[in-house]
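# An overview of the molecular structure
So you can see what is in the structure, the chains are spelled out below.
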Amino acid sequence: MICFSWMFSINGWANNLQKQTIQFHTNIAEDATPAVLKQIMILDKNVSSELKFDKGTYHFYSEKGLEKFCYISNHDDVMVKTAFPIFNFKNITIDGQGATFIFHGKMVPFLIDQSQNVEVKNLTIDWEVPFHSESTIVAIDEKNKTFDMSITNDYPYEIRNGQLYFIKEYYEHTLGQTILYDPKRKAILFDTENYTGLSMSKKTKISRNLEHIKYKYEYDHRSKFFGVLGRENNLYVEELKPGLVRVFHHKKKLPPVGSVLTSKGNQSANRMAPAFRLTFTDGFKGTNVNIHHAGGMGLIAENSSELILDNFNIIPSHGRMVSTTADATHFVGCRGKVVLRNSTFSNQLDDAMNVHGTYQKIVDVLDAHRIGVRMGHSQQQGFPIGKENDAIGLVRLSTSFFPYHKLSIKKIQYINSRYQIIEFNEPLPKQVQTGDLIENLDAYPEVLVENCIISNNRARGLLISTPIKTTVRNNFFSTEMEAILIPVESGHWYESGNGANITIENNVFQDCQHSGFDRGVIRFATDDDNENIAFKNIVIQNNTFNQFDNLILQLTNTDGLIFSGNTILNSGTFPMLYPQNPAIRVQASKNVLFKNNKYQGKAQKVLEKDALLPRLRFR
């Protein structure tokens, strides 16, 4: 049964419609997709709406969902189905009232586009069958370089021509991208880089005349097509008995017995079902939301603004090691404010948060006002870099990390997903040339991350590239890579933006960088090997670093950093991986100050610096 009600208010002689409310009951729980979709499709999009659910468990199947092809940033571009197409709505609230939504197959639960003031609250999202798979290492054979995996009935599989395929609802994946978890800690295994990823491919033995194929235009070496050229399967498997599989030809160290191997298939085909996808939406609140799983990110927001996630938690369910198979949250080309507070992000297979714009490469200078640009990464295809009158910066990273000229968009002509023609209101400068990059200077947000727990995941805690303002305070970090990475990334993902006006305060960093990488807990980094300034006005104060290893801060290309009131301890949790490292490494930087810090670590040399700061001291 579905209840539909209208609320009115009297204003003089007129009755003005104020709100439309729909109440869903558990009688639709067997497959709620058609009932929910039907009501959303007939709502008046210009009137405030509220969708409410009785507390209970609701299943959503893809068969009767609305189908739409989506270019999803940092995901695969796929035809997906949804039960919640929130398109062109103004003021809509979805209140689960404690309900649990279980999804089946390739679905994007919440597909939100061109809307204003959307709120989703008080609900839990999960998948009946996860998009990743888990197996337990039960034996290794050092002599023959094999290891045995136990696979439970939760992860159905087939073996075809010596290759392992995990079978899902309308989906399958190979071993592909893999990483080890420690089941006791329910976190990424210490020093997993020595064991994973698995050695999936090797150089092809037979390859003839490929060099005769000529490409007039630049192509993406990592795309689905080019990424497999010159490579063939290296691993093969045999089933010893039902649920017990032996793996041959792994080239790294054999994984420890008792560890849990998680896998999610090939990189170019394993991100297709984020829980939330927002595009061109102004005003979104996610409150009291738990996401236990998604085949991609928990939330991906593009070209949107004023986004607040409060008690928005990414945590695994059913004893799984993994929650989402990619980032917990990701924000591309967003503006206004982006807020994460009072939330837990654990066990996802990528960053807790990534904030950036996009670089697009100039491949044609067409006339005095027009350029042709190319998307650099295959998972950025179809991304609109901006809208009319947005400020665009022209960038030549070999000279500076900041724009050498600014223009404003008149219009964009989308020729195809990889190539667009941009016309500007102003004439192009004389120095513009092919190979330069563009970025949208209006499409960076102010970021606040506070009172969050970020732990047990693969990759970083926060990866943030915005020059507006960033505040990170009162959080707990325990990540297998950097807790906080501030990058300029122009060579692979083409994620634009530099870091400025950043405050990192009152946080606890516990045993980060434990997977084996030789990097700092907080790291500022650029792709380009030069001394140009990329980062400005940084304050890191009153934090506690309780680390097993030495390197705490890795700083480069920075003008203006204060590191004060911090306490650095040695936890002794794990053996040190890089005992030769200092606690602080500073390169190509200026105006750096250390004061009132307490160091109780084990580094032989606390501060390592280059010749640009001869008088710099750690205090």
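Note that the structure is a prediction, hence the values are computed from the model and not measured. (Residues numbered from 1 in each chain as written. Predicted model: local features only at pLDDT ≥ 70, side-chain atom pairs only at ≥ 80, totals over all residues. Heavy atoms only, no water.)

### Examining the overall build of the protein chain
Operational definition: Only DSSP runs of H or I covering at least 4 residues are called helices, and only runs of E covering at least 2 are called strands; the numbering of each starts at the N terminus. In this setup the radius of gyration rests on C-alpha atoms only. A globule is expected at 2.2 Å times the number of residues raised to 0.38. Any pair of residues with heavy atoms lying within 4.5 Å of one another is described as a contacting pair.
Across its full length, the protein chain carries one helix and 55 strands. The C-alpha radius of gyration computed for the protein chain amounts to 25 Å, which stays within 12% of the reference 25 Å derived for 619 residues, consistent with globular compactness. Its C-alpha atoms put the protein chain at 80 × 70 × 60 Å along the principal axes. At a minimum sequence separation of 6, the contacts of the protein chain that also span at least 24 residues come to 72%.

### Examining the sheet that holds strand E13 (residues 157–160)
Note: strands within a sheet are paired through backbone hydrogen bonds, in either parallel or antiparallel orientation. This is how it is decided: Any two strands are treated as partners once DSSP identifies two or more bridges connecting them. Lines are fitted to the C-alpha atoms to define the axes, a helix being fitted only along its stretch in contact, and any angle between axes, read from their N-to-C directions, falls within 0 to 180 degrees.
Pairing is antiparallel in the open sheet, where three strands are placed in the order E13-E14-E15. Unpaired on one side and paired on the other, E13 and strand E15 (171–173) mark the two borders of the sheet. Shown here is a sheet whose adjacent strand axes are inclined to one another by a mean of 30°, direction ignored.

### Observations regarding the layout of surface pockets
Short version of the rule: Each cavity reported here is a set of points on a 1 Å grid over the protein atoms alone in which a 1.4 Å probe fits but cannot get out, each pocket an open set with protein on both sides within 12 Å along at least five of seven lines, and each lining residue one with an atom within 4 Å of a point. Grid points are joined across faces, edges and corners, and a volume is the space filled by probe spheres set on the points. Polar here means any residue outside two lists: the nonpolar Ala, Val, Leu, Ile, Met, Phe, Trp, Tyr, Cys and Pro, and the charged Asp, Glu, Lys and Arg; Gly therefore counts as polar.
Put simply, the second largest pocket is a space of about 330 Å³. Considering the residues around the second largest pocket, the lining is formed by 20 residues, among which Asp154, Tyr155, His318, Gly319 and Arg320 are closest to the centre. Looking at the lining of the second largest pocket, the elements that each hand over two or more residues are strand E8 (90–104), strand E10 (116–127) and strand E11 (133–141). Its residues assigned to classes, the lining of the second largest pocket comprises five nonpolar, ten polar and five charged.

### Digging into the sheet that holds strand E36 (residues 437–440)
The antiparallel closed barrel is built from six strands, whose spatial order is E31-E32-E35-E34-E33-E36. Neighbour-to-neighbour, the strand axes of the sheet open up by a mean angle of 45°, direction not taken into account. Two strands pair when backbone bridges link them, and strand E34 (residues 405–414) and strand E35 (residues 419–424) are joined in this way by five bridges, in the antiparallel orientation. Bridge pairing links Gln413 to Ile421 in E35.

### Observations concerning the environment of Gly393
As for its position among the elements, Gly393 is in strand E33 (residues 391–395). A sequence separation of 46 residues divides Gly393 from Glu439, and the C-alpha atoms of the two residues are 5.3 Å apart.

### Digging into the nonpolar core
For soluble globular proteins, the rule of thumb is that nonpolar side chains tend to be buried together. Quick note on the threshold: For the purposes of this section, nonpolar cores are sets of buried Ala, Val, Leu, Ile, Met, Phe, Trp, Tyr and Cys residues that join through side-chain atoms within 4.5 Å. Burial here depends on accessible area, computed with a 1.4 Å probe over protein chains only, as a share of the maximum for the residue type. Under 20% is buried, over 50% is exposed, and the range in between is partly exposed.
Counting 112 residues, the largest nonpolar core has Phe276, Phe331 and Phe524 as the members making the most contacts within it. What Phe524 contacts, discounting residues up to four positions off in sequence, is Ile486, Ile502, Phe535, Ile538, Ile540, Leu553, Gln554, Leu555, Thr556, Thr558 and Leu561. One finds Leu164, Phe166, Leu235 and Val245 within the second-largest nonpolar core, a separate group that totals 19 residues.

### A few points about the side chain of Glu480
Here is the rule we go by: Lys and Arg are tallied as positive, Asp and Glu as negative. Neither His nor the chain termini are counted. A pairing counts as a salt bridge when a side-chain nitrogen of Lys or Arg comes within 4 Å of a carboxyl oxygen of Asp or Glu.
On the secondary structure map, Glu480 appears in the loop between strand E41 (476–478) and strand E42 (484–488). The charged side chain of Glu480 is buried without a salt bridge, its nearest counter-charge being Arg458 at 4.5 Å.

### Quick notes on empty space enclosed by the protein
Counted by the stated rule, this structure contains six cavities of 30 Å³ or more. When its volume is computed, the largest cavity comes out at roughly 60 Å³. Taken together, Cys512, Gln513, Phe517, Asp518, Arg519, Gln547, Asp549, Asn550, Leu551, Tyr578 and Asn581 form the lining of the largest cavity. Residue classes in the lining of the largest cavity are distributed as four nonpolar, four polar and three charged. Its boundaries defined by the atoms lining it, the second largest cavity holds a volume of some 50 Å³. Together, Gly162, Gln163, Leu164, Thr174, Leu175, Met200, Leu235, Tyr236 and Val237 line the second largest cavity. Looking at the lining of the second largest cavity, the elements with two or more residues in it are strand E14 (163–168) and strand E20 (236–241). Among the residues making up the lining of the second largest cavity, the classes are represented as six nonpolar, three polar and no charged.

### With respect to the pairing of E8
When strand E3 (residues 48–53) meets E8, the two strands line up parallel, connected through four bridges. Counted as the bridge partner of Ser49 is Ile92 from E8.

### Here's the deal with the environment of Tyr578
Along the chain, Tyr578 falls in the loop between strand E51 (567–570) and strand E52 (584–587). The sequence separation of Tyr578 and Asp549 amounts to 29 residues, and the corresponding C-alpha distance is 6.7 Å. Ignoring anything within four residues of it in the chain, the contact list for Tyr578 reads Gly516, Phe517, Asp518, Asp549 and Asn550.

### What about unusual backbone geometry?
A cis geometry characterises the amide bond from Thr196 onward to Gly197, with omega recorded as 0°. Looking at the secondary structure, you find Gly197 in the loop between strand E17 (187–188) and strand E18 (201–203). Its identity as a non-glycine residue notwithstanding, Asn451 has a phi of 60°, on the positive side. Inspection of the secondary structure puts Asn451 in the loop between strand E37 (446–450) and strand E38 (453–455). Not every positive phi belongs to a glycine, and Asn591 is a case in point at roughly 55°. Note on placement: Asn591 falls in strand E53 (residues 590–595). Classification of Asn591 by relative accessible area gives exposed; the value is 53%.

### Describing the pairing of E37
Of all five residues in E37, four are buried; the element is thus mostly enclosed. As judged from the five bridges shared by strand E28 (residues 335–341) and E37, these two strands associate in the parallel manner. When the sheet's bridge partners are listed, Val338 is paired in E37 with Val447.

### Thoughts on the pattern of salt bridges
Using the criterion set out here, one finds 24 salt bridges in the structure. Between Asp350 and Arg271 there is a salt bridge; the shortest N-O distance is 2.9 Å. With Asp350 in the loop between strand E29 (344–346) and strand E30 (353–358) and Arg271 in the loop between strand E22 (260–263) and strand E23 (276–279), this residue pair connects regions lying 79 residues apart in the sequence. For Asp350, a relative accessible area of 9% corresponds to the buried category. Taking the shortest distance from any N to any O, the salt bridge between Arg519 and Glu482 comes out at 3.9 Å. One end of the pair, Arg519, is in the loop between strand E45 (508–510) and strand E46 (522–526); the other, Glu482, is in the loop between E41 and E42, and 37 residues separate them in sequence. The class of Arg519 is partly exposed, set by a relative accessible area of 25%. Because the salt bridges share partners, they merge into one network encompassing Glu158, Arg160 and Glu172.

### Here we look at the confidence of the model for the protein chain
Note the cut-off: Predictor confidence is given residue by residue as pLDDT, running from a minimum of 0 to a maximum of 100.
Mean pLDDT over the protein chain stands at 95; residues scoring 70 or higher make up 97%. Predicted confidence in the protein chain is weakest over strand E1 (residues 2–11), with a mean pLDDT of 50, and strongest over E45, with 99.

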